[in-house]
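Topology and contacts: notes
Here are the chains, one letter per residue:
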Amino acid sequence: TNAARPKISSVLLPVRYTDRPRASYWKRVLSAEDLTARNARDGCIALQRLREFELAMAFLRRVPEAVWVTFTEVELVASAGLAQTCGDSQLALSMFQCALQTYPSSGRVWLGVALYYYEVGNEAQAYECMCAAVRCGAAGLIESDPAVTEIFLRLMRHYGPRKGTR
């Protein structure tokens, strides 16, 4: 019942910057009857930074699609990756599509989409997105992570241009 649910103003107490709120604090915020989309967005981002992924996902599910465009490029890619990691492939795909519409020339976004397609088993699409990521300047991101480098090389060997062909 709504009578048992707290109001957001009674939950969002001042927390010192150096304090790390406990999970119980975030659960009270999440259960507030008047939790706004902005509160949900901010909670999701904060919890990802705190590496509290299960709670971050609960907040992400409360963020309406119309609010996704207010995420920064990094926040949107991270949230889509969070959804994918937590097993919500449909939410992840929708968020990556939003990221591509909002940041179409971002190598980071294209790389996130490439990794999404790779994880769901669509390697041909992953290769195309990986190539777009490189064209958009994500080579440094690919090279900075050995696991991503290995995926890139595997895709290049299988789908890339063959020697002697044009």
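Quick summary incoming for the structure in this document. Every residue gets a number counted from 1 within its own chain, in the order that chain's sequence is written. Totals for whole chains, interfaces and linings use every residue, but because this is a predicted model, local features are given only for residues with pLDDT of at least 70 and side-chain atom pairs only at 80 or more, for both listing and counting. Only hydrogens and water are set aside; all other atoms, that is, all heavy atoms of the structure, feed into the side-chain values.

Structural notes on the overall build of the chain
- Helical segments are the DSSP runs of H or I of at least four residues, strand segments are the runs of E of at least two, and each set is numbered from the N terminus. The number of helices and strands found in the chain is 10 helices and zero strands.
- Written out in order from the N terminus, the α and β elements of the chain read α-α-α-α-α-α-α-α-α-α.
- Only protein chains enter the accessibility calculation, which uses a 1.4 Å probe; a residue whose area is less than 20% of its type maximum is buried, one above 50% is exposed, and one in between is partly exposed. By residue count, 39% of the 166 residues in the chain fall in the buried class.
- Contacts in the chain between residues far apart in sequence, at least 24 positions, make up 57% of those at least 6 positions apart.
- Only the protein chains shown count as cover for residues, with accessible areas throughout obtained via the Shrake-Rupley method and a probe of 1.4 Å. Summed over all atoms, the accessible surface of the chain reaches about 9,900 Å², with 53% contributed by carbon and sulfur. Residue contacts are defined here by distance: any two heavy atoms, one from each residue, within 4.5 Å place the two residues in contact.

A closer look at the packing of aromatic side chains
- The criterion for an aromatic pair is that two Phe, Tyr or Trp rings (for Trp, the six-membered ring) have centres within 6.5 Å, with stacked assigned to planes under 30 degrees apart, edge-to-face to planes over 60 apart and tilted to the rest. Scanning all chains against the criterion turns up three aromatic pairs.
- Taking 5.9 Å as the distance between ring centres and 55° as the angle between the ring planes, the aromatic pair formed by phenylalanine 96 and tyrosine 116 counts as tilted. Of this pair, phenylalanine 96 sits in helix H6 (residues 89–102) while tyrosine 116 is found in helix H7 (residues 107–119), placing the two residues 20 residues apart along the sequence.
- Using a relative accessible area of 3% as the deciding quantity, one classes phenylalanine 96 as buried.

Some thoughts on the environment of alanine 132
- Mapped onto the fold, alanine 132 is located in helix H8 (residues 123–135).
- In this structure, the C-alpha to C-alpha distance between alanine 132 and serine 106, residues 26 residues apart in sequence, is 9.1 Å.

Quick notes on the pattern of salt bridges
- A side-chain nitrogen of Lys or Arg and a carboxyl oxygen of Asp or Glu constitute a salt bridge if their distance falls within 4 Å. With the rule as written, the count across this model stands at eight salt bridges.
- Here aspartate 42 and arginine 41 are joined by a salt bridge, their closest N and O atoms 2.6 Å apart.
- Across the salt bridge formed by glutamate 150 and arginine 157, the nearest N and O atoms sit 3.5 Å from each other.
- One salt-bridge network, in which partners are shared between bridges, spans Arg38, Arg41, Asp42, Arg49 and Glu75.

Some details on unusual backbone geometry
- In the Ramachandran plot, arginine 51 falls in the positive-phi region, its phi being about 65° despite a non-glycine side chain.
- With respect to the helices and strands, arginine 51 occurs in the loop between helix H3 (37–49) and helix H4 (53–60).
- Residue classification places arginine 51 among the exposed positions, given a relative accessible area of 62%.

Some details on H6
- To estimate how far a helix should extend, the number of its residues minus one is multiplied by 1.5 Å. With 14 residues, H6 should cover 20 Å at 1.5 Å per step; its first-to-last C-alpha distance of 20 Å lies within 8% of that length.
- For H6, the set of buried residues is Leu91, Ala92, Leu93, Met95, Phe96, Cys98 and Ala99.
- If you follow the buried residues of H6, they end up packed against H4, helix H5 (73–85) and H7.

Details of the packing of H3 against H5
- Here H3 crosses H5 at 75°, and the two axes come no closer than 11 Å. With respect to H5, the element H3 is oriented roughly perpendicular. Here Arg41, Cys44, Ile45, Gln48 and Arg49 of H3 lie close against H5, whose contacting residues are Glu75, Ala78, Ser79 and Leu82.
- Three categories are distinguished: nonpolar for Ala, Val, Leu, Ile, Met, Phe, Trp, Tyr, Cys and Pro, charged for Asp, Glu, Lys and Arg, and polar for the others, with Gly belonging to the last. The class makeup of the residues in the contact of H3 with H5 is four nonpolar, two polar and three charged. Each axis is a line fitted through C-alpha atoms, and for a helix only the stretch in contact is used; angles between axes span 0 to 180 degrees, taken between their N-to-C directions. Angular relationships are summarised with four words: roughly parallel below 35 degrees, roughly antiparallel beyond 145, roughly perpendicular across 65 to 115, and oblique for the angles in between.

Observations regarding the packing of H3 against H4
- In contact at an axis separation of 8 Å, H3 and H4 are set at 160° when each is read in the N-to-C sense. Taken as axis vectors, H3 and H4 run roughly antiparallel relative to one another. With respect to the hand of their crossing, H3 and H4 are arranged in left-handed fashion. Residue-level contacts link Asn39, Ala40, Gly43, Cys44, Leu47 and Gln48 of H3 to Phe53, Leu55, Ala56, Phe59 and Leu60 of H4.
- Broken down by class, the residue content of the contact of H3 with H4 amounts to eight nonpolar, three polar and no charged. The handedness criterion is simple: a crossing whose near helix is rotated anticlockwise from the far helix by less than a right angle is left-handed, and one whose near helix is rotated clockwise is right-handed.

These values are about where atoms sit, not about what they do.
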